[in-house]
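# Summary of the model geometry
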Amino acid sequence: MTASSTDPGHVLILGGTSEIALAIAAALARRGYGLILAGRDADALQREAADLEIRHGVSVTTASFDALEPATHPAFWQSLNPAPAGVVCAVGLLGDHGVARTDFNHARQLLDTNLVGCISVLDQAALAFEQRGEGFIIGISSVAGDRGRASNYYYGAAKAGFTAYLSGLRNHFASNASRVRVITVKPGFVATRMTADHDTPALLTAQPEQTARDILRALDGRRDVIYSRWYWRWIMLIIRLLPEPVFKRTRL
Amino acid sequence: MISGWGNYPRTGARLSAFCSLAELRTLLAGDTPLIGRGLGRSYGDSALAPTLLSTACWNRLRSFDADSGLLVGEAGVSLDDIIRVFMPRGWFPPVTPGTRFVTLGGALASDVHGKNHHCDGAFSAHVAWCRLMLADGSIVRCSAQENPELFRATVGGMGLTGIILEVALRLRRIESAWIRQHTRRLPDLSSVMQAFEEANDASYSVAWIDCLQQGGSLGRSVLMTGEHAPATAIAGLGQPRAPRALGVPCNLPGWTLNGLSVRAFNALYYRRAPRERTELADIYRFFYPLDAIHHWNRIYGRRGFVQYQLVLPPEQGRAGLPAILEAVAAAGQGCFLAVLKRMGPAGAGYLGFPREGWTLAMDFPARPGTFRLLDRLDRMVLECGGRLYLTKDARMPREVFEAGYPELDKFLAVKREVDPHNRFASLQSQRLGLT
Ligand SMILES: Cc1cc2nc3c(=O)[nH]c(=O)nc-3n(C[C@H](O)[C@H](O)[C@H](O)COP(=O)(O)OP(=O)(O)OC[C@H]3O[C@@H](n4cnc5c(N)ncnc54)[C@H](O)[C@@H]3O)c2cc1C
Ligand SMILES: NC(=O)c1ccc[n+]([C@@H]2O[C@H](COP(=O)([O-])OP(=O)(O)OC[C@H]3O[C@@H](n4cnc5c(N)ncnc54)[C@H](OP(=O)(O)O)[C@@H]3O)[C@@H](O)[C@H]2O)c1
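From a predicted model like this one, the values you see are computed outputs, not experimental measurements.

### Regarding the site of ligand 2
All names here are of chain A. Close to ligand 2 lie 27 residues; T17, S18, Y155, V190 and T192 are nearest. Backbone polar atom of A67 to a nitrogen atom of ligand 2: 2.8 Å apart, as the coordinates give it. Contact distances for ligand 2 include 3.1 Å between an oxygen atom and a backbone N or O atom of G92. Protein coverage of the free-state accessible area of ligand 2, which is 880 Å², stands at 92%. Elements represented by at least two residues in the shell around ligand 2 include exactly α1 (19–30), α6 (153–175) and β7 (189–190). Here the shell around ligand 2 is composed, by residue class, of 12 nonpolar, 10 polar and five charged.

If you want it as structure tokens, here you go:
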């Protein structure tokens, strides 16, 4: 694609095989953004890239990225060509909570994937965008980070940390009066691979396309933190307001 | 419980969608019978088995050559998808059935035909090649030139040779998304058959027959022919929007489609059809009138319905069609509309349905009287040297199938070579002894 005054540039999608990420990618491509899909499974990324390119007529490339290898992240970021105008981080691992409780290696993998790896790569984005004076970072956290629950507190702890990181980063840019945006997305249940083996309540489960639409609306507007679907804002408000003596007895 | 489009029969099945070749290989390694499943628009039991390998996630576009129109898509890509992506760029599926909610895999496995069969042949005539995963997990590419026997067994082979992975389809160039449609009312069967012969060079043609008519008005029908409209003819019309479909939210009670309501509907339909008219219709209205109502199959209620589609050779059709329509009208089994079409020569598939002649498709509520009538129609079809379409079938006896498909032996030879342990088997293939 040739650069023109209306070319909005490329967006880097971390976790390029995620179903939520792909729905966002399609929505961005419809607006003319080029895409860089980054992740571990080169064949799967290539398959998605070809599909997006044919459907939307934008340039889509792939890049190899592993959240569990933070040492490689600076070189990864330098290698991106063209340099991204924005980043979507959809890396995530729900894992097996039962295993994590008895095997700290798995617990650490959940923290490393959902928190450490995301921070490490978004630090690269933050530095680059700060130098350029513009850019956007969309981080997909989770409602699971709003309050720790018995069923997934390693994942939840990592997402809580990620939410705090994104909030701090946003505060940093806003106090510098720079034009870098940071958007925190907290989905509830979304029907993807991640939840395919879990029974999620049908009424509260969004399709990836709905989540993508909510995110694009945030990008167009001024919201910093969004829940997707909107009702999770109210569900989580109630859950956060429950006094601990009550909350600790719930099985949510 | 799951079923085909006719909601008859229903069976318990596990629906497994694969998202990678590795996942598909794992599924093949089990030992319950498997069959591919696309959008489930086949009517009967061709896409039913204990385990269904759904292509719902296997639906990516692989490549497109904007000079030649060659599109490579995964088996789960639907014609609806193709139309949405490519029609605005001036391309259209070379062959389309009466619904756009079918997958490339399903279209090839049934080797579907459209209103242009007399000119352009069936779907497989426009397929440059396909790739297939066999029962042992290996992947083979086949086409009319490459592994031709496997290709001929796979197109129209109802998923029994393996899982179709990708299809390379040659799209057709179109100048607009509009069809110049010509509609004519015809008072009886011989006049509509005559009109078909005269319209032989129309790109698309089809007739809707009012099945409640007998005697002098037997075969009273509305014939529709069409041509892709040139860009110059559609000034200002642009791209049509896919209509927002209305839905039938649940199965309707059995009495909805009684003879009286249907008679009133048909009379209205026939009267409302112009004696003769030419107009521009967008592709949705011309090709997919039924897609405007989601789940229209529910009007037949819980017990479901069966579609009966036959083809008769040209000469035998002259005598056979009136006899069949007469028998249907006399039986009063609730078939109110039949679709008639002139077909061109047979295609490559050993079990392909189309052949030179006349094809007639009718819906009947699934109830005992229907099955007795269809047994009688079977004999009439065989006497005329005709056959029935597998993708519509839920009940044909094995003898009727065997008599209608002279290349069955060639199909079975390939089947035994590529699938010696019958990993791929549907309720239909077991009923018909396709092992
Ligand atoms: C309203 C309506 C109108 C129709 N009009 C026509 C028409 O005009 N002409 C016509 O020819 N047909 C017509 N049909 C029938 C329809 O086109 C075929 O049944 C078609 O095969 C359905 O495609 P599907 O993707 O839904 O496949 P399914 O119904 O899911 O499967 C059909 C067959 O294909 C096999 N299959 C599916 N995917 C694969 C795969 N990846 N690999 C191997 N095998 C596979 C299945 O095992 C099964 O045998 C019509 C159907 C409806 C509901
Ligand atoms: N689905 C939900 O209900 C839900 C709810 C709240 C939040 N979320 C969040 O939404 C985001 C997207 O998830 P999803 O639902 O679309 O699930 P998904 O399809 O499982 O996506 C997760 C993505 O993370 C990638 N990933 C995992 N570990 C990685 C690593 N070490 N390095 C690089 N990439 C890695 C996966 O890539 P591979 O293909 O390489 O594994 C995959 O692309 C995640 O952050 C998830 O936590 C989801």
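There's plenty left to go through after this.
### What about the sheet that holds strand β13 (residues 178–186) of chain B?
Residues and elements named next belong to chain B. An order of β17-β13-β15-β14-β20-β21-β19-β22 is seen for the eight strands of this open sheet, with the pairing classed as antiparallel. Sheet topology places β17 (276–282) and β22 (387–388) at the edges, where each strand pairs with a single neighbour. Relative to strand β21 (residues 357–365), strand β19 (residues 305–312) is paired through eight bridges, and the arrangement is antiparallel. Bridge pairing in β21 places Q309 opposite A361. Helix α6 (residues 189–198) rests against β13, β14 (204–210), β15 (221–228), β20 (337–343) and β21 of the sheet, and its axis sits at about 35 degrees to β20. Contacting β19, β21 and β22, helix α10 (residues 368–383) crosses the sheet at an angle of about 10 degrees to β19.

### Some points on the pattern of salt bridges
All told, the structure shown has 35 salt bridges over all chains when counted by the stated rule. Of the charged contacts, one joins D146 of chain A and K186 of chain A as a salt bridge, the two residues approaching to 2.8 Å between their closest N and O atoms. One end of the pair, D146 of chain A, is in the loop between β5 (134–140) and α6; the other, K186 of chain A, is in strand β6 (residues 179–187), with 40 residues separating them in the sequence. The exposure class assigned to D146 of chain A is buried, which follows from its relative accessible area of 15%. R141 of chain B serves as the salt-bridge partner of E146 of chain B, at 3.1 Å between the closest nitrogen and oxygen.

### Description of α1 of chain A
Residue and element names in this part refer to chain A. For α1, which comprises 12 residues, the first-to-last C-alpha distance of 17 Å matches the rise-based estimate of 16 Å (1.5 Å per residue) to within 8%. Between the side-chain oxygen of the N-cap and the backbone nitrogen of I20 there are 3.2 Å, and the N-cap of α1 in question is S18. Positive backbone phi, at 95 degrees, marks G32, one or two positions downstream of α1.

### Topic: the site of ligand 1
All names here are of chain B. G36, R41, S42, T103 and Y389 are the nearest of the 34 residues found near ligand 1. Backbone polar atom of L39 to an oxygen atom of ligand 1: 3.1 Å apart, as the coordinates give it. Separating an oxygen atom of ligand 1 from a backbone N or O atom of R41 is a distance of 2.7 Å. When ligand 1 is considered free in solution it has 970 Å² of accessible area, and contact with the protein chains removes 96% of it. Every element with two or more residues in the shell around ligand 1 is listed here: β4 (34–37), α3 (104–109) and β11 (163–170).

### Considerations on the packing of α1 of chain A against helix α2 (residues 42–56) of chain A
Residue and element names in this part refer to chain A. Packing of α1 against α2 brings their axes to within 10 Å, and their N-to-C directions diverge by 30 degrees. The orientation of α1 with respect to α2, classified from their angle, is roughly parallel. Pair α1 / α2 crosses with right-handed handedness. Contact with α1, carried on its side by L22, A25, A26, A29 and R30, involves E48, L52 and H56 of α2 and no other residues of that element. Its residues assigned to classes, the contact of α1 with α2 comprises five nonpolar, one polar and two charged.

### Things to note about the domain arrangement of chain B
Residue and element names in this part refer to chain B. Partitioning chain B into structural domains gives domain 1 (36–174 + 405–431) and domain 2 (178–395). For domain 1 and domain 2, the distance between their C-alpha centres works out to 24 Å. Every contact between the two is made by 43 residues of domain 1 and, on the other side, 44 residues of domain 2. Between domain 1 and domain 2, a total of about 4,000 Å² is buried, with carbon and sulfur atoms accounting for 59% of that surface. The three residues of domain 1 that bury the most area against domain 2 are Y43, K115 and Y405, which together make up 24% of that side's buried surface. Where domain 1 touches domain 2, the interface holds two salt bridges. One salt bridge in this structure joins R431 and D393, with 2.8 Å as the shortest N-O distance.

### Digging into the packing of aromatic side chains
Residues and elements named next belong to chain A. As enumerated under the stated definition, the model contains 24 aromatic pairs over all chains in all. An angle of 40 degrees between the planes, with centres 5.0 Å apart, marks the rings of F65 and F76 as tilted. One end of the pair, F65, is in the loop between β3 (60–64) and α3 (73–79); the other, F76, is in helix α3, and 11 residues separate them in sequence. There is no split in this pair, since F65 and F76 are both buried.

### Here's the deal with helix α9 (residues 314–331) of chain B
All names here are of chain B. Between the first and last C-alpha of α9 there are 25 Å, a value that for 18 residues agrees with the 26 Å anticipated at 1.5 Å per step. Remark: the principal bend of α9, roughly 35 degrees, maps to G320, with a proline, P322, within the next four residues. Burial in α9 covers these residues: P314, G317, G320, L321, I324, L325, A327, V328 and A329. Looking at the residues trailing α9, positive phi occurs at G332, about 55 degrees.

### Quick notes on the pairing of β11 of chain B
Consecutive residues of a regular strand have side chains that alternate between opposite faces of the sheet. Residues and elements named next belong to chain B. Most of β11 is tucked away: seven of the eight residues are buried. Bridging between strand β7 (residues 70–74) and β11 involves five bridges; their strand directions are antiparallel. Each bridged residue has a counterpart across the sheet, and for L70 the counterpart in β11 is R170.

### Some thoughts on the packing of α6 of chain B against α9 of chain B
Residue and element names in this part refer to chain B. Here α6 crosses α9 at 140 degrees, and the two axes come no closer than 11 Å. Taken together, the axis directions place α6 and α9 in an arrangement best described as oblique. Relative to α9, the crossing made by α6 is right-handed. Here L189, M193 and E197 of α6 come into contact with α9, specifically with G317, R318, L321, P322 and L325. Here the contact of α6 with α9 is built from residues that sort into five nonpolar, one polar and two charged.

Conventions used here
Residues numbered from 1 in each chain as written. Chains lettered and ligands numbered in written order. Predicted model: local features only at pLDDT ≥ 70, side-chain atom pairs only at ≥ 80, totals over all residues. Heavy atoms only, no water. Near = heavy atom within 4 Å. Polar contact = N/O pair within 3.5 Å; in protein donor to acceptor, adjacent residues only side chain to side chain. Areas by Shrake-Rupley, 256 points an atom, 1.4 Å probe, with all protein chains shown as cover. Helix = DSSP H or I, 4+ residues; strand = E, 2+ residues; numbered from the N terminus. Nonpolar A, V, L, I, M, F, W, Y, C, P; charged D, E, K, R; others polar. Pairing = 2+ DSSP bridges. Contact = heavy atoms within 4.5 Å. Axes fitted to C-alpha atoms, helices over the stretch in contact; angles between N-to-C directions. Salt bridge = Lys/Arg side-chain N within 4 Å of Asp/Glu carboxyl O. Buried < 20%, exposed > 50% of the residue type's maximum accessible area, 1.4 Å probe, protein only. Expected span 1.5 Å × (residues − 1). Parallel < 35°, antiparallel > 145°, perpendicular 65-115°, else oblique. Left-handed = near helix turned anticlockwise from the far one by under 90°. Domains from an automatic or database assignment. Buried area = accessible area lost by both parts, 1.4 Å probe. Phe/Tyr/Trp six-rings, centres within 6.5 Å; stacked < 30°, edge-to-face > 60°. Bend = angle between axes of the 7 residues up to and from the residue.

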